[in-house]
Amino acid sequence: MKELVVLSGKGGTGKTSIVGSFAALAKSKVLVDCDVDAADLHLILKPTEQQKEEFWSGQVAFVDREACTECGLCQEVCRFKAINDFTIDPVSCEGCGFCYHICPVQAITMKEQMAGHWFISKTRYGPLVHARLGIAQENSGKLIAMVRQKAKEIAQEQKLDYTIADGPPGIGCPVISSLSGANLALLVTEPTLSGMHDLERIISVCRHFGVPPLVCINKNDLNEENSRQIESYCLNQGIEVISKIPFDNAVTEAIVHALPVVEYSQNRVTNEIEKMWQNIVASLKGDKYAHL
Amino acid sequence: MQHKNGKRVIISIASGKGGTGKTLVATSLALSLAGKERVQLLDCDVEEPNAHIFVKAVLNHKESVFIPIPKVDENKCTYCGKCAEVCIYNAVAVFKNKVLVFPELCHGCGACSYLCPESAISEEYREVGIVETGNSKGMDFVHGKLNIGEAMPTPVIRKVKSYINSEMTAIVDISPGTSCPVVEAVKQSDFCLLVTEPTPFGLNDLILAVEMVKKLGIPHGVVINRAGVGDTKLDEYCRKENIPILLTIPLDSRIAILYSRGITLVEGMSQWKNNFLRALVKIREIAHERACST
Ligand code: SF4
Ligand code: SF4
């Protein structure tokens, strides 16, 4: 069983459309949506929920104003400036419990937070594990680790070949949780200066965590000069650019019709994505990139 | 742009979905104001900061962002285990004659050093990112960069925000999403501009972003980017929810090409400046109304 994660650094480069297409192309896999903050994959895969679980994680302090003597010690020690006028701001509170431990009259309790939900669903392409983190919640990393773990278990039980994960944007906690321990990262970029800048950062993150990256340049014809620069940069880094997908409105039209683009139309975009998937399968099977 | 109490307003530019054009809007908004009044552009997308590319910022000052982590003096330590017990993040482990600190897990809360009965813990500083400041085209510029491999962007975001100068209008570029770091960056804004696109993804993620700004009680409006693609559900949603659409940017290959070259919209197509200034007038009205009514 091999784990593929699709990342981009910069948001909006087309990760979800590509993962949606892989869902239609790959035969034996579990799909995972690791973007627990702004999940979109379900809009294409139209899952039927089979299991829904609460995700309890992290704590928030609570001051019992009856017991509080307003000594002010908690406000003094809190480094997250989460206590004002002896009231906790749950958004700023990081749940460290410092105040709880030092309150001389035990007026502070720590309450577990229901930080979101995770789901196991059925789609016409196979099982999907996804989640929804509550607004302003921390611990996206833990939720992602959980979702990935569930996906792996399902893959092992049902003897499926792959897990294919749609990753979050950025390079921080949720990205690290989506990436660490995966067999291969597909980095979807676009030939814009911002896309290039962000690609360099996400490549460094892959290196840092020892996951071999492959690059796909989406909307390739938007700026072919930039695209060539990405290619030579990747060449220098010893990273293969496995696909250059042209810009086509069909990609957006497919989203509007809630279909993977490879099922919505048959054109140069879908040909490219099909080719890319075959390449990825070859890499995953042969562990061709294990040395990177 | 002034508040009733003379304080300049803070406008944050956010979106649920990535890649909808936040940086395009933030940079053009800031540049439209520059020259007319004092303005600051702050890039709080510390995971993938891009605004500097567009405004060609000249950065002349760099500061490290540290978080305090515990350092145990094993000569004083009795291996009582208190530090491990209080650390909610499991960043300290105590063995029979060894204390291990896991710096990546530590939030720097300070509980362990304060509560160690032997005063065996002092704090040292670990760099998690940097903040760079400078200027660009008549504006003050600030951005932060999270170090590669670091998980927690919040301390870097806080540091960027510490540069907000109440004598200037501040435009704050925010990372996508609605989780903790995004909220940290949006907090204290007088207005939040939500950039989206008229696709099912754009709408789905806008609804989450609206939920977030409502929870924070921040007045907000929408910018529709790439209008013309997708469907009309976005307009319908904004109308139904009574969210003002302050600016509409069409799907236009000329705009996409300018963006790809790192050229701001108002510099590449100067006729857009007036549209941004008009949006700013409306933002000011809404922010002012809210400030007066609270
Ligand atoms: S609390 Fe202090 S004395 Fe106890 S194990 Fe930790 S460092 Fe050592
Ligand atoms: S400072 Fe807080 S988070 Fe860091 S090790 Fe000590 S108790 Fe844990």
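Keep in mind the model is a prediction, meaning the values are calculated, not measured.

So, about the site of ligand 1. Inspection of the region around ligand 1 gives 13 residues, with B:Cys77, B:Cys80, B:Gly81, B:Cys83 and B:Cys116 positioned closest. In terms of residue class, the shell around ligand 1 is built from nine nonpolar, two polar and two charged.

Moving on, we get to a nonpolar patch on the surface. Residue and element names in this part refer to chain B. A grouping of Phe95, Leu100, Phe102 and Leu105 is seen on the molecular surface, where their side chains present a nonpolar patch of about 330 Å² in accessible area. Locating leucine 105 in the fold gives a position in the loop between β5 (98-101) and α4 (111-115). Residue class for leucine 105 comes out partly exposed when judged on its relative accessible area of 39%.

Here the focus is the pairing of strand β7 (residues 126-133) of chain A. Residue and element names in this part refer to chain A. For β7, the tally of buried residues reaches seven of eight residues, placing the bulk of the element in the interior. Pairing of strand β2 (residues 29-33) with β7 involves two bridges; the strand directions are parallel. Paired with valine 32 across the bridge in β7 is valine 129. Direction of pairing for strand β6 (residues 108-123) relative to β7: antiparallel, over a ladder of eight bridges. Along β7, the bridge assignment pairs serine 121 with leucine 128.

Inspection of the region around ligand 2 gives B:Pro70, B:Cys87, B:Tyr89, B:Ala91, B:Val92, B:Cys106, B:His107, B:Gly108, B:Cys109, B:Gly110 and B:Cys112 as its neighbouring residues. Considering only residue class, the shell around ligand 2 consists of eight nonpolar, three polar and no charged.

The next point concerns the domain arrangement of chain B. Many structure descriptions define interface size as the accessible area lost when the parts assemble. Residue and element names in this part refer to chain B. Partitioning chain B into structural domains gives domain 1 (10-56 + 137-293) and domain 2 (66-127). The C-alpha centroid of domain 2 is placed 40 Å from the C-alpha centroid of domain 1. Contacts between the two partners involve four residues from domain 1, matched on the other side by seven residues from domain 2. Buried surface at the junction of domain 1 and domain 2, summed over both partners, amounts to about 410 Å²; 46% is from carbon and sulfur atoms. Broken down residue by residue, the surface that domain 1 buries against domain 2 is led by Asn147, Glu150 and Met152, which jointly contribute 83%.

Turning next to the environment of B:Ala57. If you trace the backbone, B:Ala57 turns up in the loop between α2 (51-55) and β3 (58-72). Excluding residues that lie within four positions of it along the chain, B:Ala57 makes contacts with B:His52, B:Asn135, B:Ser136 and B:Phe141.

What counts, and where the lines are drawn
- Residues numbered from 1 in each chain as written.
- Chains lettered and ligands numbered in written order.
- Predicted model: local features only at pLDDT ≥ 70, side-chain atom pairs only at ≥ 80, totals over all residues.
- Heavy atoms only, no water.
- Near = heavy atom within 4 Å.
- Nonpolar A, V, L, I, M, F, W, Y, C, P; charged D, E, K, R; others polar.
- Patch = residues over 30% accessible without salt bridge, like charges linked within 9 Å, V, L, I, M, F, W, Y side chains within 5 Å.
- Areas by Shrake-Rupley, 256 points an atom, 1.4 Å probe, with all protein chains shown as cover.
- Salt bridge = Lys/Arg side-chain N within 4 Å of Asp/Glu carboxyl O.
- Helix = DSSP H or I, 4+ residues; strand = E, 2+ residues; numbered from the N terminus.
- Buried < 20%, exposed > 50% of the residue type's maximum accessible area, 1.4 Å probe, protein only.
- Pairing = 2+ DSSP bridges.
- Domains from an automatic or database assignment.
- Contact = heavy atoms within 4.5 Å.
- Buried area = accessible area lost by both parts, 1.4 Å probe.

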